[in-house]
Amino acid sequence: MATVRLPAIQYDATAVRPTWADLPPDLRAAISGRLGSPVTWATSAGGGFTRGFAAVLTTAAGERVFVKAASLVEQRHLSDWYAREAALTAELPPAVPAARPRWTLTTAGYFVLCLDAVDGRMPALPWAPEELNAALAAWASAAAALRRPPAGLVGVGLPQLADLVRTDLAWWQEIHAGREALPPLVSGGGSNPRLAAGGGPDRFLRQWLPELAALEATLPDLVFDAAVIHGDLRLDNLLVDRANMAWICDWTWLCHGPAWFDTASLLVTAYASGLDADALFAAHPTAAGAPAGGLDAALAALAGYWLTRSAAEPTGASPYAQAHQQFSGETALAWLAARRGWDGPFWSPRG
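Heads up: these notes are all about the structure in this document. The shown structure was predicted, so the numbers you read here are calculated from the model rather than taken from an experiment. (Residues numbered from 1 in each chain as written. Predicted model: local features only at pLDDT ≥ 70, side-chain atom pairs only at ≥ 80, totals over all residues. Heavy atoms only, no water.)

## Section: the pairing of strand 2 (residues 53-59)
Next, step 1: In terms of residue burial, strand 2 counts as a mostly covered element, since six of its seven residues are buried.
Next, step 2: Here five bridges tie strand 1 (residues 39-44) to strand 2, and the two strands are oriented antiparallel to one another. Counted as the bridge partner of Ser44 is Ala55 from strand 2.
Next, step 3: The pairing of strand 2 with strand 3 (residues 64-71) spans six bridges and is antiparallel. The residue bridging Ala54 from the neighbouring strand is Lys68, located in strand 3.
Next, step 4: Linking strand 2 to strand 3, which pair antiparallel, is a turn of four residues; within it Gly62 sits at a positive phi near 90°. (Buried < 20%, exposed > 50% of the residue type's maximum accessible area, 1.4 Å probe, protein only. Helix = DSSP H or I, 4+ residues; strand = E, 2+ residues; numbered from the N terminus. Pairing = 2+ DSSP bridges.)

Below, the structure written as structure tokens:
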């Protein structure tokens, strides 16, 4: 019988961000002026890990829009991300299920991005089958449309996933070389007496570290691709509307790479939900392009990235970010361990 393991956080309640009332009066006035009608209601986005303003605004004229805003000084990196999101989203093919930008505004020391509002909800964990099916269908449509990306999108300038993997997803190799500390596994071996007696999860990581590093090292050669992918596909970057259609959000990290990589990333939470993630991956249209060993290499690299980032010093992001990274890293590692038959994984949602 499948076992479900839930994170210590609720993904629709991770945000720590300013409300509409917290914004400077001149900024609120500028946004209302651009909308052409006073804002009468604002519902802040509950999900996400950045501290920028993000809310659905309703005007006196009955219009609903989704607005993001970040300071050009205190949140320069975030305002740059929003500007990039505006440029990229405007060039997405029509078949990609994503909210489109309406306008941008630089005023009162802020960058503002206004997008269409999606009347939907973030999926919950464990995944409901109909919501996961909707999410996988939305990604299949988007991936097909981005297999041959339009010139305008490519012209914005997109990195290669292969290059990002070499620089940002090579943590097991760093650990194996002694340049980075072994990350902790918070779930521990307490629920597995045999594993705990044998040295616990630390021993598990040391035992399989050479293979983790070797798997990770193969990934750059497996993900070089002219197609474009989302680059950060996960449960909290999705909304499901009342017609049970999924919409993909936050298109800031687009890159050239194979669509199966994003499919693997999305299905990490399916594995934690006790679902057959291997079967779901194999059945998805994007898996047709996955090379032998690709899924294992991706899971190894993602697990190493998430676990080491969780163990790093806190940043200015939401205080829930590290819990998300720990949960995601442990889940990816458990899925990989189950696939490879490694003895003594620290937990297994499909026991």
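## A look at the packing of aromatic side chains
Next, step 1: Inspection of every chain in the model, using the stated rule, returns six aromatic pairs.
Next, step 2: Taken together, the aromatic side chains of Phe204, Trp208 and Trp342 make up a single cluster linked through ring pairs. (Phe/Tyr/Trp six-rings, centres within 6.5 Å; stacked < 30°, edge-to-face > 60°.)

## What to know about the layout of surface pockets
Next, step 1: As a volume, the second largest pocket reaches approximately 210 Å³.
Next, step 2: Lining the second largest pocket are 14 residues, with Arg147, Asp225, Ala227, Pro258 and Ala259 sitting closest to its centre.
Next, step 3: Listed by contribution, the elements that provide at least two residues to the lining of the second largest pocket are helix 3 (129-146) and helix 9 (259-272).
Next, step 4: Taken together, the residues of the lining of the second largest pocket sort by class into ten nonpolar, two polar and two charged. (1 Å grid on protein atoms, 1.4 Å probe; cavity = no way out; pocket = protein on both sides within 12 Å on 5 of 7 lines; lining within 4 Å. Points joined across faces, edges and corners; volume = space filled by probe spheres on them. Nonpolar A, V, L, I, M, F, W, Y, C, P; charged D, E, K, R; others polar.)

## Considerations on the packing of helix 9 against helix 12 (residues 321-340)
Next, step 1: Viewed as axis vectors pointing N to C, helix 9 and helix 12 meet at an angle of 85°, and their least axial separation amounts to 9 Å. The orientation of helix 9 relative to helix 12 falls into the category roughly perpendicular. On the side of helix 9, the interface is formed by Ala264, Leu267, Val268, Thr269, Tyr271 and Ala272, while helix 12 contributes Phe327, Ser328, Thr331, Ala332, Ala334, Trp335 and Ala338.
Next, step 2: Along the lines of polarity and charge, the residues of the contact of helix 9 with helix 12 split into ten nonpolar, three polar and no charged. (Axes fitted to C-alpha atoms, helices over the stretch in contact; angles between N-to-C directions. Parallel < 35°, antiparallel > 145°, perpendicular 65-115°, else oblique. Contact = heavy atoms within 4.5 Å.)

## Some thoughts on helix 2 (residues 76-89)
Next, step 1: Its 14 residues place the ends of helix 2 20 Å apart at the C-alpha level, agreeing with the 20 Å of an ideal helix rising 1.5 Å per residue.
Next, step 2: Those residues of helix 2 that sit buried are Leu78, Ser79, Tyr82, Glu85, Ala86, Leu88 and Thr89.
Next, step 3: Here the buried face of helix 2 lies against strand 2, strand 3, strand 4 (101-107), strand 5 (110-116) and helix 4 (151-156). (Expected span 1.5 Å × (residues − 1).)

## Here we look at the pairing of strand 5
Next, step 1: Within strand 5, six of the seven residues are buried, leaving the element largely enclosed by the surrounding structure.
Next, step 2: Here strand 3 runs beside strand 5; their pairing, made up of seven bridges, is antiparallel. Bridge pairing in strand 5 links Val65 to Asp116.
Next, step 3: Joining the antiparallel neighbours strand 4 and strand 5 is a turn of two residues, in which Ala108 adopts a positive phi near 55°.

## Notes on the side chain of Glu131
Next, step 1: By secondary structure assignment, the location of Glu131 is in helix 3.
Next, step 2: Within polar-contact distance, the side chain of Glu131 engages the side chain of Arg121 at 2.6 Å.
Next, step 3: Residues contacting Glu131, with those up to four places away along its chain left out, are Arg121, Pro123, Ala124, Val240 and Asn244. (Polar contact = N/O pair within 3.5 Å; in protein donor to acceptor, adjacent residues only side chain to side chain.)

## What to know about the sheet that holds strand 3
Next, step 1: Taken together, the five strands give an open sheet; going across it, the order is 1-2-3-5-4, and neighbouring strands pair in antiparallel fashion. The open sheet terminates on both sides in strands that have one partner only, identified here as strand 1 and strand 4. Neighbour-to-neighbour, the strand axes of the sheet open up by a mean angle of 25°, direction not taken into account.
Next, step 2: Bridge count between strand 4 and strand 5: six bridges; the pairing is antiparallel.

In short, shape yes, function no, at least from these values alone.
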